[in-house]
Protein chains: 2
Amino acid sequence: MFTMKKEDPRSIRSRRMLKEAVFTLLAENEDVSQLTVQKITNRAELNRATFYLHYEDINDLLRQIVHEIFDELSKKVDPLLKIPRSNEHEQLVAFLDYIYEYRKLFAVLVEHKGFKTSLTNLLKKTIQARRDARGEDLPPNLVSLDIIGASLLGIIMWWVKDGIQFSSEYVAEQIARLYKKE
Amino acid sequence: MFTMKKEDPRSIRSRRMLKEAVFTLLAENEDVSQLTVQKITNRAELNRATFYLHYEDINDLLRQIVHEIFDELSKKVDPLLKIPRSNEHEQLVAFLDYIYEYRKLFAVLVEHKGFKTSLTNLLKKTIQARRDARGEDLPPNLVSLDIIGASLLGIIMWWVKDGIQFSSEYVAEQIARLYKKE
DNA sequence: CTATTTTATCGACATTCCGTCAATAAAACA
DNA sequence: TGTTTTATTGACGGAATGTCGATAAAATAG
């Protein structure tokens, strides 16, 4: 049996308040570089020193927020990877729909290095899974995973930041056209 | 005849020193977010207040540096666009070679919004020029300029930040494979 | 060439943010 | 309930910011 060491409810509440403060501030500010510990703790109605008990700095807090979002995103993506490739378009749209749902947050976090790395890794993992599923009918002149991951990241960054008027369906179709050899 | 209002040589020298200070600091720091006006003016051996006479803030200074680099880059790219498409590969390699030359600076500046916009516009302009040159044999299922620009930006960002061990030749070939329908 | 005007640079000030104390308050536990 | 543990807090020193008036250097007029 695991002896789960109980966490002080004050800590849990403080961390929740700090994260919520970041969410509301980002929704107003639109710019991650304008965040200060001062603003965050004011919004969370906590002392500034309390922040440093839970996080090393603002980047550390953002890192953890990113981690949690990716846990959730991975949980939604992983089952999709098990579906056969006939549904590739639906898979892609479902994935993009999730991003669209969090587009404002993504538009901010996509500037964060850890976020870019996590998202790229998820994309590469997904592409690799598809290639594995396809088996032997791989095209001979293969584009490397790095390149595909980087280009997909670029498209998603553009979409959430400057092209959010386009639907998931449109972006999915454009991506399909780009990568499909015909 | 234009009456060029002469600039105070002190101003010219100060701006030059401040820009050079940024270059040397970025070459050491590797991180644009760690720049401070303090550090820049210390390195430039100028008073901190002098900085604010010439630039609004650090972003303003970076904006102007970006602008100058793109003036230079555009001058190199524009002639290439006039060459017929048989030399597309050489054009792409020449373009990437220029980026490779400034890769350390690019790796830093590519985080800057103005830089991304400028680079994307240049890429889109280049792609459009090629499409125009090709005339009527355009593929029916065209990928939008926005999408191609965004994916190329993503690839270049990855290259200068995480994949600089790869040669211009390699990246050019991968890009060609990605966008060429066969 | 000298005197005057213009303006670039500088030292200093108030403000804000940062990171870290010891003191206090709240939760966990015996 | 009384004791131990730990989360929260106010306060302090240091650093960066943006903006003064004072000074020094360049441009200009006589």
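Presented here is a report on the structure given in the accompanying data block. (Residues numbered from 1 in each chain as written. Chains lettered and ligands numbered in written order. Predicted model: local features only at pLDDT ≥ 70, side-chain atom pairs only at ≥ 80, totals over all residues. Heavy atoms only, no water.)

Looking at the packing of helix H1 (residues 9–29) of chain A against helix H2 (residues 37–44) of chain A
All names here are of chain A. Between H1 and H2, whose axes approach to 8 Å, the crossing angle comes to 115°. Overall, the two elements H1 and H2 adopt an arrangement that is roughly perpendicular. The two elements H1 and H2 cross, and the hand of that crossing is right-handed. For the pair H1 and H2, the contacting residues are Met17, Leu18, Ala21, Val22, Thr24, Leu25, Glu28 and Asn29 in the first and Lys39, Ile40, Thr41, Arg43 and Ala44 in the second. Classifying every residue of the contact of H1 with H2 gives seven nonpolar, three polar and three charged. (Axes fitted to C-alpha atoms, helices over the stretch in contact; angles between N-to-C directions. Helix = DSSP H or I, 4+ residues; strand = E, 2+ residues; numbered from the N terminus. Parallel < 35°, antiparallel > 145°, perpendicular 65-115°, else oblique. Left-handed = near helix turned anticlockwise from the far one by under 90°. Contact = heavy atoms within 4.5 Å. Nonpolar A, V, L, I, M, F, W, Y, C, P; charged D, E, K, R; others polar.)

A word on the protein's contact with DNA strand D
Near DNA strand D lie 19 residues; those nearest to it are Ser14(A), Leu53(A), His54(A), Arg48(B) and Tyr52(B). Counting only atoms of DNA strand D within 4 Å of the protein, the sugar-phosphate share comes to 62%. Between DNA strand D and Ser11(A), the relevant distance is 3.1 Å, taken from a sugar or linking oxygen to a side-chain nitrogen or oxygen of the residue. One nitrogen or oxygen atom from the side chain of Arg48(B) is found 2.5 Å from a base oxygen belonging to DNA strand D. (Near = heavy atom within 4 Å. Polar contact = N/O pair within 3.5 Å; in protein donor to acceptor, adjacent residues only side chain to side chain.)

Details of the interface of chain A and chain B
Bring the parts together and some accessible area is lost; that lost area is often taken as the interface size. On the side of chain B, 25 residues touch chain A, which itself brings 25 residues to the contact. When chain A packs against chain B, the two sides together hide about 2,500 Å² of surface, and 59% of this comes from carbon and sulfur. Two residues, Lys116(B) and Glu111(A), come together in a salt bridge whose shortest N-O distance is 3.5 Å. Run the count over chain A and chain B and you get five residue pairs in polar contact (both at pLDDT 80 or more). Of all the secondary structure elements, the ones that give two or more residues to the side of chain A that touches chain B are helix H7 (113–134), helix H8 (145–162) and helix H9 (168–179) of chain A. Looking at which element gives the most residues to the side of chain A that touches chain B, the answer is H8(A), with nine residues. (Buried area = accessible area lost by both parts, 1.4 Å probe. Salt bridge = Lys/Arg side-chain N within 4 Å of Asp/Glu carboxyl O.)

With respect to the pattern of salt bridges
It is possible for side chains of opposite charge to pair when their charged atoms get near one another. Inspection of every chain in the model, using the stated rule, returns 26 salt bridges over all chains. One salt bridge in this structure joins Lys161(A) and Glu111(A), with 3.0 Å as the shortest N-O distance. Note that Lys161(A) is positioned in helix H8 and Glu111(A) in the loop between helix H6 (103–109) and H7, a separation of 50 residues in sequence. Judged by relative accessible area, Lys161(A) falls into the partly exposed class, the value being 30%. Across the pair Lys124(A) and Asp146(A) runs a salt bridge, and its minimum N-O distance is 2.9 Å. Here Asp146(A) lies in helix H8 and Lys124(A) lies in helix H7, a separation of 22 residues in the sequence. Here Asp146(A) falls in the partly exposed class, since its relative accessible area comes to 26%. Each of the salt bridges in this network shares a partner with another, and the network as a whole consists of Glu111(A), Lys161(A) and Lys116(B). (Buried < 20%, exposed > 50% of the residue type's maximum accessible area, 1.4 Å probe, protein only.)

The quantities given are spatial measurements derived from coordinates; they are silent on function.
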